[in-house]
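Chain by chain, the residues run as shown.
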Amino acid sequence: MKGERKPPFQEGGEITDEVVTFVQYGGELRGTLLFAAERLVSVKNYTETQLYDVSRFRIKGREISCGSDAAGIPFLTEGVLSGKDAAEIGAEVYPCDDPAKRILFTETPGIVLRLCKVSYVSAEKDIKSFMPQFEGCAFSKTIGKLKNKVKTNILLFGDSISAGYHCSKMQNIPPYQESFANIFASETGRYYGTQAELCNKSVGGYNSEQGLAHLEEALSGIEPDLVILGFGMNCGAHGFTPERYGKNMRAMTEIIKKTTQAEILLIATVLPNPQAPQYTVQGEYVPVLRALCEDDGRVGMLNITDASRRMLQRKRAIDLFANNINHPNDFMVRFYAMALQNIFCR
């Protein structure tokens, strides 16, 4: 099922290819949608190689269900979901300080291959309120170059999320969806009929201190029009206070402003699985980034943090993260890309 990668939120209230985990409860498979559904459009497996008959499924508000005898529909048992029976799908239990906690985890496609993608028309009318908010710089210089069909150079520097870990292309499984950065660059270039040249220098595992230490190296050899910084997940995991994080981010923005003419976009990171040890103070980094935007007209912030908090209040983490910890699955990758396009494709 190849074709255009549609944004997850469509005009008219359609939600496209939202990832849903069906869990077996007795003779029923049940999953949870982000929004109450008015009408199902399609249900398919994660790799988009199998389309299921929507008449098999029932919707009640945000719950979607079907009989457990529905042949071929991927699902997890309660034991696998809890981590107790993780080995049944070739997964493992993520190590936690609390031995009572069991978090299903894998670096392989073992989890996502047991999930589905559901498209539906939302019965709720405020889906745009779930979109990440943007603050600060209007990026008039970058958008101006794009509108004038001048090649625009984009530098992305961040952690594994920015590097694209666990998008289906990096997992080498259909539909081979690119990282959010590649989707953003290609769709932006297509929108304006010009070239948005992406240079992605992101490194898995990096925190803001490592980013600061290697920033000049990342900037060397290119003349960026736009620099996107995507740090925060690992800073929280390593116990960085908001002050320590803010000091690093401010230092990076100052280096960029002194050595380039680029506009700067700061991405406030997605929140990780609330049950995982990585979930610490990432939510407290937003005011720090907001202050940097207020200090300088060349700096803006995309607030993925608060948007993801709302999503995690409605969805299981396994519906959002391919490793069930912190790496966005295909739906969340498209969510990131859509949020960036909303800033620059206007």
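Residues numbered from 1 in each chain as written. Predicted model: local features only at pLDDT ≥ 70, side-chain atom pairs only at ≥ 80, totals over all residues. Heavy atoms only, no water.

### Overview of the overall build of the protein chain
Note the threshold: Strands are runs of DSSP state E lasting at least 2 residues, helices are runs of H or I lasting at least 4, and numbering of each runs from the N terminus. Radius of gyration: C-alpha atoms only; globule rule: 2.2 Å multiplied by the number of residues to the exponent 0.38. Residue exposure (1.4 Å probe, protein chains only): buried if accessible area is under 20% of the type maximum, exposed if over 50%, otherwise partly exposed. Two residues form a contact once any of their heavy atoms are found within 4.5 Å. All accessible areas in this document rest on Shrake-Rupley with a 1.4 Å probe, and a residue is counted as covered only by the protein chains that are shown.
Secondary structure summary: the protein chain contains 10 helices and 17 strands in total. Relative to its length of 346 residues, the protein chain is compact, with a C-alpha radius of gyration of 20 Å against a globular reference of 20 Å. Overall size of the protein chain, expressed as C-alpha extent along the three principal axes, is 65 × 45 × 35 Å. The buried share of the protein chain, taken over its 346 residues, is 56%. Here the analysis covers contacts within the protein chain between residues at least 6 apart in sequence; of these, 76% occur between residues at least 24 apart. Carbon and sulfur atoms form 48% of the exposed surface of the protein chain, whose accessible area is close to 14,100 Å².

### Concerning the side chain of Asn207
Heads up, the rule is: Nitrogen and oxygen atoms within 3.5 Å of one another constitute a polar contact, given that in protein one can donate a hydrogen and the other can accept it, and given that sequence-neighbouring residues count only through two side-chain atoms.
By the secondary structure assignment, Asn207 is in the loop between strand S14 (196–200) and helix H5 (208–219). There is a polar contact of 3.3 Å between the side chain of Asn207 and the side chain of His238.

### Details of the sheet that holds strand S6 (residues 58–60)
Note: strands within a sheet are paired through backbone hydrogen bonds, in either parallel or antiparallel orientation. Rule in force here: Two strands form a pair only when DSSP identifies at least two bridges running between them.
Within the open sheet, the five strands sit side by side as S6-S7-S3-S2-S8. Their pairing is mixed. In this open sheet, the two edge strands, each paired with only one partner strand, are S6 and strand S8 (76–77). Two strands pair when backbone bridges link them, and strand S2 (residues 23–25) and S8 are joined in this way by two bridges, in the parallel orientation. Within S8, the residue paired with Val23 across the bridge is Leu76.

### Comments concerning unusual backbone geometry
Note: most peptide bonds trans; most residues except glycine with negative phi. The omega angle of the peptide bond from Pro174 to Pro175 is 5°, so this bond is cis rather than trans. Positionally, Pro175 belongs in the loop between helix H3 (160–163) and helix H4 (180–192). Unlike most non-glycine residues, Glu48 shows phi in positive territory, near 60°. Counting through the fold element by element, Glu48 comes out in the loop between strand S4 (37–45) and strand S5 (51–52).

### Describing the packing of H4 against helix H10 (residues 330–344)
Note the following rule: In this analysis, axes come from line fits to C-alpha atoms, helices being fitted only over the stretch in contact, and the angle between any two N-to-C directions falls in the range 0 to 180 degrees. Handedness of each helix crossing follows the sense of rotation of the near helix against the far helix: counterclockwise by less than a right angle gives left-handed, clockwise gives right-handed. Under the scheme applied, nonpolar residues are Ala, Val, Leu, Ile, Met, Phe, Trp, Tyr, Cys and Pro; charged residues are Asp, Glu, Lys and Arg; polar residues are all the others, including Gly.
Relative to each other, H4 and H10 sit at 35°, their axes nearing to 8 Å. Crossing angle aside, the handedness with which H4 passes H10 is right-handed. Side by side, H4 and H10 meet where Phe180, Ile183, Phe184, Glu187, Thr188 and Tyr192 of the first sit next to Val333, Arg334, Tyr336, Ala337, Leu340, Gln341 and Phe344 of the second. Of the residues that constitute the contact of H4 with H10, the class distribution is nine nonpolar, two polar and two charged.

### As for helix H9 (residues 304–312)
The condition that has to hold: Comment: arc refers to directions from the helix axis out to C-beta atoms.
Those residues of H9 lying buried are Ile304, Thr305, Ala307, Ser308, Met311 and Leu312. Looking straight down H9, one finds its buried side chains confined to an arc of 165°; they lie on one side. Buried residues along H9 sit in contact with strand S16 (263–268), helix H8 (286–295), strand S17 (299–303) and H10. For H9, the N-terminal capping position is held by Asn303, with its side-chain oxygen 3.3 Å away from the main-chain nitrogen of Thr305.

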